[in-house]
Amino acid sequence: MSEIHLQIDGKEVVASEGMTILEAAKTVGISIPTLCHSEKLEPYGGCRICTVEVEVRGWPKLVAGCIYPVEKDLVVRTKSEKVNKIRKVLIEEMLAHAPDAEVLKELATEYGADKDRFEKHPSFCIHCGLCVRYCAEIKKKNAVGFVDRGSNREISFIPEIAAKECWDCKECFPLCPTSALQAAYVLAESLMTPPESASGCGCSCSSGKKG
Ligand code: FES
């Protein structure tokens, strides 16, 4: 794999072909915020919080660091007035959906975001898609998916699949940057019937007792 020389925040970086800006930055200790990225999953580029400024042949543009591949002589700025402004607005928009999410509150403090700038639509889902993609890509079950559109978009478990697959899994829970996933699961739980193999009593009383 060939080496690519580029500059990130003034540092000379030697990356491998195929790396993203996010990965190259990490090799020199530069951290870029992410919300929808996971090393276990295919690059997605959904939340845009990883936006950075790049200069290609003298032309500046804004790109998502988690999906943009390194290029020879690329100049990258992971912090700049423009970048910070974009991240601030994105955080404000996400806070309208998940006002209590710790990760957003921390980012809001860092970027001086106004927690009340946008009208609240507290679905608690910030549409990062981590749970949906994990279930599809890693577990190959598709037990959780997106429903609705626009600002009403949120995640939902599909009870018929979740009843069979989720009781003993729940591997997507730790990926959720807000409390949306657990809340959606609790809602769907009432529609699920535990599989016969589970340690319940076999009826729908959820007593947890055998027999
Ligand atoms: Fe890059 Fe979400 S972390 S778009």
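Residues numbered from 1 in each chain as written. Predicted model: local features only at pLDDT ≥ 70, side-chain atom pairs only at ≥ 80, totals over all residues. Heavy atoms only, no water.

The name given to the protein in an unreviewed UniProt entry is Iron-sulfur cluster-binding protein, putative, and the organism recorded there is Geotalea daltonii.

Enquirer: What's the story with the pattern of salt bridges in this structure? I'm lost.
Expert: As a working rule, side chains carrying opposite charge can pair if their charged atoms are close by. Applying the stated criterion across every chain yields a total of eleven salt bridges. Residue Lys139 pairs with Glu171 through a salt bridge whose shortest N-O separation is 3.0 Å. Taken together, the positions of Lys139 in the loop between helix 4 (130-138) and strand 6 (144-147) and Glu171 in the loop between helix 5 (159-165) and helix 6 (180-189) put the pair 32 residues apart, joining distant regions of the chain. Classification of Lys139 by relative accessible area gives partly exposed; the value is 26%. With relative accessibility at 35%, the residue Glu171 sits in the partly exposed group. (Salt bridge = Lys/Arg side-chain N within 4 Å of Asp/Glu carboxyl O. Helix = DSSP H or I, 4+ residues; strand = E, 2+ residues; numbered from the N terminus. Buried < 20%, exposed > 50% of the residue type's maximum accessible area, 1.4 Å probe, protein only.)

Enquirer: Explain the sheet that holds strand 3 (residues 51-56) to me, please; I cannot follow it from the model alone.
Expert: Strand-to-strand pairing in sheets goes through backbone hydrogen bonds, with the strands running parallel or antiparallel. Across the sheet, which stays open at both edges, the five strands sit in the order 2-1-5-3-4 with mixed pairing between neighbours. The sheet is open, and its two borders are formed by strand 2 (11-16) and strand 4 (59-64), each paired with just one other strand. Going from strand to strand, the sheet's axes swing by 35° on average, the running direction of each strand aside. For strand 1 (residues 3-8) and strand 5 (residues 75-77), the ladder comprises two bridges, and the chain directions are parallel. Within the sheet, the bridge partner assigned to Gln7 lies in strand 5 and is Val75. Contacts from helix 2 (residues 81-97) reach strand 3, strand 4 and strand 5, with the element oriented near 150° to strand 3. (Pairing = 2+ DSSP bridges. Axes fitted to C-alpha atoms, helices over the stretch in contact; angles between N-to-C directions. Contact = heavy atoms within 4.5 Å.)

Enquirer: Quick question: what am I supposed to make of the nonpolar core here?
Expert: The nonpolar side chains of soluble globular proteins are, as a tendency, buried together. One finds Leu35, Ile91, Leu104, Ile155, Phe157 and Leu181 to be the most contacted residues of the largest nonpolar core, which totals 38 residues. Elements with a minimum of two residues in this core: helix 2, helix 3 (102-111), helix 4, strand 7 (154-157) and helix 6. (Core = buried A, V, L, I, M, F, W, Y, C linked by side-chain atoms within 4.5 Å.)

Enquirer: Got a minute to help me understand helix 3 in this structure?
Expert: Given 3.6 residues to a turn, an α-helix orients residues that are three or four positions apart in the same direction. Among all positions in helix 3, only Leu104, Leu107, Ala108 and Tyr111 are buried. Taken around the axis of helix 3, the buried residues stretch over an arc of 105°, which confines them to a single face. Exposed residues lying more than 90 degrees from the buried face of helix 3 are Glu106, Thr109 and Glu110. For helix 3, the secondary structure elements touched by its buried residues are helix 2. Where helix 3 ends, the next residue or the one after it, Gly112, has phi of about 65°, a positive value. (Arc of directions from axis to C-beta.)

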